[in-house]
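Descriptive structure summary
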Amino acid sequence: MIDTAEMYGDGKAEELVGEAIKNKKREDLFVVSKVLPKNANRKKLLESLDKSLQRLKINELDLYLLHWKSDIPLAETVAALEEVKKVGKIRAWGVSNFDTVDMEELLALPQGKNCATNQIKYNIIERGVEFDLLPYLQENQITTMAYSPMIKGQWQQLTEEQRVVLLKISDDQEISVGQIMLAWAIRDGSTIAIPKAASPQHIRENVAAATKKLTAEELILIDSVFQAPTKKTDLALW
């Protein structure tokens, strides 16, 4: 699975992805891109999608997401997404950075339940979505895609106790801290994590994390230093 968006590098990221996959078997790939909120009306969404497909050098996206909620009525955006799905330009559609109230508004629409996924920021530190959003998505059988599932850049912000726990599990399981983060993010079996990868070795390490299982004792230990939310909090972004 490759996740990109028209916003990333003002289209340059899609061009790079297109170059990277042009000689690959299409059936081996699951390509995800996103439309900017300002382009989420019926006319502009089709234009944006066509440009994304041209940059990616493919005829169809596996998944197309609304990057975040816009001022354009959701009903109009959903209608546009259903339209491009019907003509075969996308296989499925979803949203990104939608909180519970946004999802409720979406699912109240006649075709809102066709939403396949909600891509949100979720990691071992930023667990606020566990309070109400994750249960809501699971209840409605909408897949969670967790972006920024690793906290490499935030290591210095961790407490000594948090670092000790992660390093202990790393030693016990003989896996990296990054793999612990990914294994934790997908521990429920229904969440997809989309970590950044900057090298083939990094990709292999990320893929290997899918086979790592944290024990019940390790999960309890993690919970003791990375507390689950006890009240509603604002949705973490970027």
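Owing to the predicted nature of the structure, the values given are computational and were not obtained by experimental measurement. (Residues numbered from 1 in each chain as written. Predicted model: local features only at pLDDT ≥ 70, side-chain atom pairs only at ≥ 80, totals over all residues. Heavy atoms only, no water.)

**Points about the sheet that holds strand E4 (residues 93-96)**
Worth spelling out the cut-off: Pairing between strands is defined by DSSP: at least two bridges between them are needed. The numbering of helices and of strands both runs from the N terminus, where a helix is a DSSP run of H or I of at least 4 residues and a strand a run of E of at least 2.
Strand order across the open sheet formed by seven strands is E1-E2-E3-E4-E5-E6-E7, with parallel pairing between neighbours. One side of each edge strand has no neighbouring strand; the edge strands of this open sheet are strand E1 (2-3) and strand E7 (191-194). Bridging between E1 and strand E2 (residues 31-35) involves two bridges; their strand directions are parallel. Within the sheet, the bridge partner assigned to Asp-3 lies in E2 and is Val-32.

**Remarks on the pattern of salt bridges**
Heads up, the condition is: Only one rule defines a salt bridge in this text: a Lys or Arg side-chain nitrogen within 4 Å of an Asp or Glu carboxyl oxygen. Classification of residues uses two cut-offs on accessible area relative to the type maximum, computed with a 1.4 Å probe and protein chains only: under 20% is buried, over 50% is exposed, and between them is partly exposed.
If you walk through the whole model with that rule in mind, you get 18 salt bridges. Among the ionic pairs, Asp-99 bridges to Lys-232, the shortest N-O distance being 2.7 Å. With a gap of 133 residues between them, Asp-99 in the loop between E4 and helix H4 (100-107) and Lys-232 in the segment after helix H9 (216-225) connect regions that are remote in the sequence. Judged by its relative accessible area of 14%, Asp-99 falls in the buried class. With a relative accessible area of 38%, Lys-232 lands in the partly exposed category. Where Glu-126 meets Lys-121, a salt bridge forms, and the shortest distance between an N and an O atom there is 3.4 Å.

**Digging into the packing of aromatic side chains**
Heads up, the rule is: Side-chain rings of Phe, Tyr and Trp, where Trp is taken by its six-membered ring, are said to pair if the distance between their centres is within 6.5 Å; with planes under 30 degrees apart they count as stacked, over 60 as edge-to-face, and otherwise as tilted. Two thresholds decide whether a charge sits over a ring: the Lys NZ or Arg CZ must be within 6 Å of the ring centre and within 35 degrees of the ring normal.
What the rule picks out here adds up to two aromatic pairs. A centroid spacing of 5.5 Å and a plane angle of 80° characterise the contact between Trp-68 and Trp-238, whose relative ring orientation is edge-to-face. Here Trp-68 is found in the loop between strand E3 (63-66) and helix H3 (74-86), whereas its partner Trp-238 is found in the segment after H9, with 170 residues between them in sequence. Above the ring of Trp-184, the side-chain terminus of Arg-187 is found at 3.9 Å from the ring centroid.

**Description of the pairing of E4**
Applicable threshold: Handedness of a crossover is defined as follows: orient the strands so they point away from the viewer, and if the path from the first strand over the helix to the second runs clockwise, the crossover is right-handed.
Covered by surrounding structure in E4 are Trp-93 and Val-95 together with Gly-94 and Ser-96, the residues of both alternating faces. Pairing geometry for E3 and E4, over three bridges, is parallel. Its bridge partner lying in E4, Leu-65 is registered against Gly-94. In the classification by handedness, the crossover that spans E3, the intervening H3 and the parallel E4 is right-handed. By the bridge criterion, two bridges tie E4 to strand E5 (residues 117-121) in an arrangement that is parallel.

**Brief notes about the layout of surface pockets**
In plain terms, the rule: Here the term cavity refers to a set of points on a 1 Å grid, laid over the protein atoms alone, in which a 1.4 Å probe fits but cannot get out; the term pocket refers to an open set having protein on both sides within 12 Å along at least five of seven lines, with lining residues being those that place an atom within 4 Å of a point. Grid points are joined across faces, edges and corners, and a volume is the space filled by probe spheres set on the points. For this classification, Asp, Glu, Lys and Arg are treated as charged, while Ala, Val, Leu, Ile, Met, Phe, Trp, Tyr, Cys and Pro are nonpolar and the rest, including Gly, are polar.
Space inside the largest pocket adds up to approximately 1300 Å³. Surrounding the largest pocket, 40 residues form its lining, Ile-194, Pro-195, Lys-196, Ala-197 and Asn-206 being those nearest its centre. At six residues, the largest contribution of residues to the lining of the largest pocket is made by helix H8 (residues 200-209). Here the lining of the largest pocket is built from residues that sort into 28 nonpolar, six polar and six charged. Space inside the second largest pocket adds up to approximately 180 Å³. In terms of lining, the second largest pocket is formed by Glu-6, Asp-10, Gly-11, Leu-36, Lys-38, Asn-39, Lys-44, Glu-47, Ser-48, Lys-51 and Arg-55.

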